[in-house]
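Tertiary structure, described
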Amino acid sequence: MLLLAGALRAATVPGFPPAVAVFSFTVVLSTQPARCVLQRRPPLSNSSANCWSCLHPVNMFNSYNVKFYHSKAFTSPYPGSCVERSQVPEDKVDWLIEWKDYNPVEYTAMSVLAGPNWADPQINDKGFSPKFNERDGEVERRSLNGLYVVENGRPRNPSGRTGLTGRGLLGRWGPNHAADPVVTRWKRDGSGNKVAHPVTGKN
């Protein structure tokens, strides 16, 4: 999972106190076709690793001596399920590290498999041919983090191995863009003065 910096803006509306809106963006890439059953699949290939090493976000962070791990993508069991991920050692997260025995669990939630209008079909469904790394009709499949690898017709998580394949609770193959606005306002007393929190002292 990639957590991308959002925008912080102060807004003033006549007749209302100042408000702050915080927007955060989360992009998550999925990897393999999904069924709502637990299963193992053949080990993943490392053949395409060299062609994208310069674009790999882990490498870009490491080039500045920053340790970057997509820790939320290691949550196990997977949120809202009893599905346990395959264990991925810290030194095997990076796709550039060869790991022939990597054998992740495949999982996609039933709510996604039911085919709601916000979800893609199964990757191998007839007539479904997503265009990765570009605008695909009404679906934005470009990542805000740059290009991602598509291997055997399926996108890979650019942050590395997670021990899970499939979409989980996500609807799209590739990036799943989201914006979460949060609007706050000051608490005021009857005279219009800001009221401080009784514990923190903040208002």
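Residues numbered from 1 in each chain as written. Predicted model: local features only at pLDDT ≥ 70, side-chain atom pairs only at ≥ 80, totals over all residues. Heavy atoms only, no water.

Considering the overall build of the protein chain
Let me state the cut-off plainly: Secondary structure counts use DSSP, requiring at least four H or I residues in a row for a helix and at least two E residues in a row for a strand, with both numbered from the N terminus. Type-normalised accessible area, obtained with a 1.4 Å probe on protein chains alone, sets the label of each residue: buried when under 20%, exposed when over 50%, and partly exposed for intermediate values. The contact rule is simple, with two residues in contact once any of their heavy atoms fall within 4.5 Å. Every accessible area reported is derived by Shrake-Rupley at a probe size of 1.4 Å, with residue values counting cover from the shown protein chains alone.
When you go through the protein chain residue by residue, the secondary structure sums to 2 helices and 9 strands. The order of α-helices and β-strands along the protein chain, N terminus first, is β-β-α-β-α-β-β-β-β-β-β. Burial statistics for the protein chain: of 203 residues in total, 36% are counted as buried. By sequence separation, contacts in the protein chain at least 24 residues apart represent 70% of the contacts at least 6 residues apart. With an accessible surface of roughly 12,200 Å², the protein chain has 56% of that area assigned to carbon and sulfur atoms.

Details of the side chain of Arg-141
You can see Arg-141 is positioned in the loop between β5 (139-140) and β6 (150-151). Setting aside chain neighbours within four positions, we find Arg-141 in contact with Asp-120, Phe-128, Pro-130, Lys-131, Phe-132, Asn-133, Glu-134, Asp-136, Tyr-148, Arg-172, Trp-173 and Pro-175.

Some details on the pattern of salt bridges
When charged atoms on two side chains of opposite charge get close, those side chains can pair. The line we're drawing: For this document, the term salt bridge refers to a Lys or Arg side-chain nitrogen within 4 Å of an Asp or Glu carboxyl oxygen.
Evaluation of the coordinates by the stated rule reveals 8 salt bridges. In this structure, the salt-bridge partner of Arg-135 is Glu-140, at a minimum N-O distance of 3.7 Å. The class of Arg-135 is partly exposed, set by a relative accessible area of 42%. Ionic pairing is found between Glu-151 and Arg-156, a salt bridge with its closest N-O pair at 3.3 Å.

Side note on the environment of Gly-174
For Gly-174, the position within the fold is in the loop between β8 (164-168) and β9 (182-184). Classification of Gly-174 as buried rests on a relative accessible area of 0%. Once the C-alpha coordinates of Gly-174 and Arg-142 are considered, the two residues, 32 residues apart in sequence, prove to be 8.1 Å apart.

Some thoughts on the environment of Arg-172
Among the structural elements, Arg-172 can be located in the loop between β8 and β9. What Arg-172 contacts, discounting residues up to four positions off in sequence, is Asn-117, Trp-118, Ala-119, Asp-120, Val-139, Arg-141 and Arg-167.

A short note on the pairing of β8
Put simply, the rule is: Paired strands, in this sense, are two strands between which DSSP finds at least two bridges.
The element β8 is largely enclosed, with a buried count of 5 among its 5 residues. Of the strand pairs in this sheet, strand β3 (residues 105-108) and β8 are connected by 3 bridges, and their pairing is parallel. Its bridge partner lying in β8, Val-105 is registered against Leu-164.

Here we look at the confidence of the model for the protein chain
Put simply, the test is: Within a predicted model, pLDDT stands for the predictor's per-residue confidence, ranging from 0 to 100.
In this model, the protein chain carries a mean pLDDT of 75, and residues with pLDDT of at least 70 account for 66%. Overall, residues 1-14 carries pLDDT values under 50, and its contacts beyond four positions in sequence, including any with other chains, amount to 38 contacts. Scored below 50 in pLDDT, residues 19-67 shows 160 contacts in the model against residues more than four places distant or in partner chains.

What about the packing of aromatic side chains?
The cut-off we apply is this: Classification of ring pairs rests on two measures: the distance between centres of Phe, Tyr or Trp rings, Trp counted by its six-membered ring, which must be within 6.5 Å, and the angle between planes, read as stacked under 30 degrees, edge-to-face over 60 and tilted in between. Cation placement over rings: the criterion is NZ of Lys or CZ of Arg within 6 Å of the ring centroid and within 35° of the ring normal.
One pass over the full model with this rule turns up 4 aromatic pairs. Note on Phe-132 and Tyr-148: the rings are 6.3 Å apart at their centroids and 75 degrees apart in plane angle, and the pair reads as edge-to-face. With Phe-132 in the loop between α2 (110-113) and β4 (135-136) and Tyr-148 in the loop between β5 and β6, this residue pair connects regions lying 16 residues apart in the sequence. For Phe-132, a relative accessible area of 13% puts it in the buried group. In this structure an aromatic cluster arises from ring pairing among Trp-95, Trp-99 and Tyr-102. Here the basic side chain of Arg-156 rests over the ring of Trp-95, its NZ or CZ set 4.2 Å away from the ring centre. Above the plane of the ring of Trp-186 lies Lys-194, whose end atom (NZ or CZ) is 4.2 Å from the centre.

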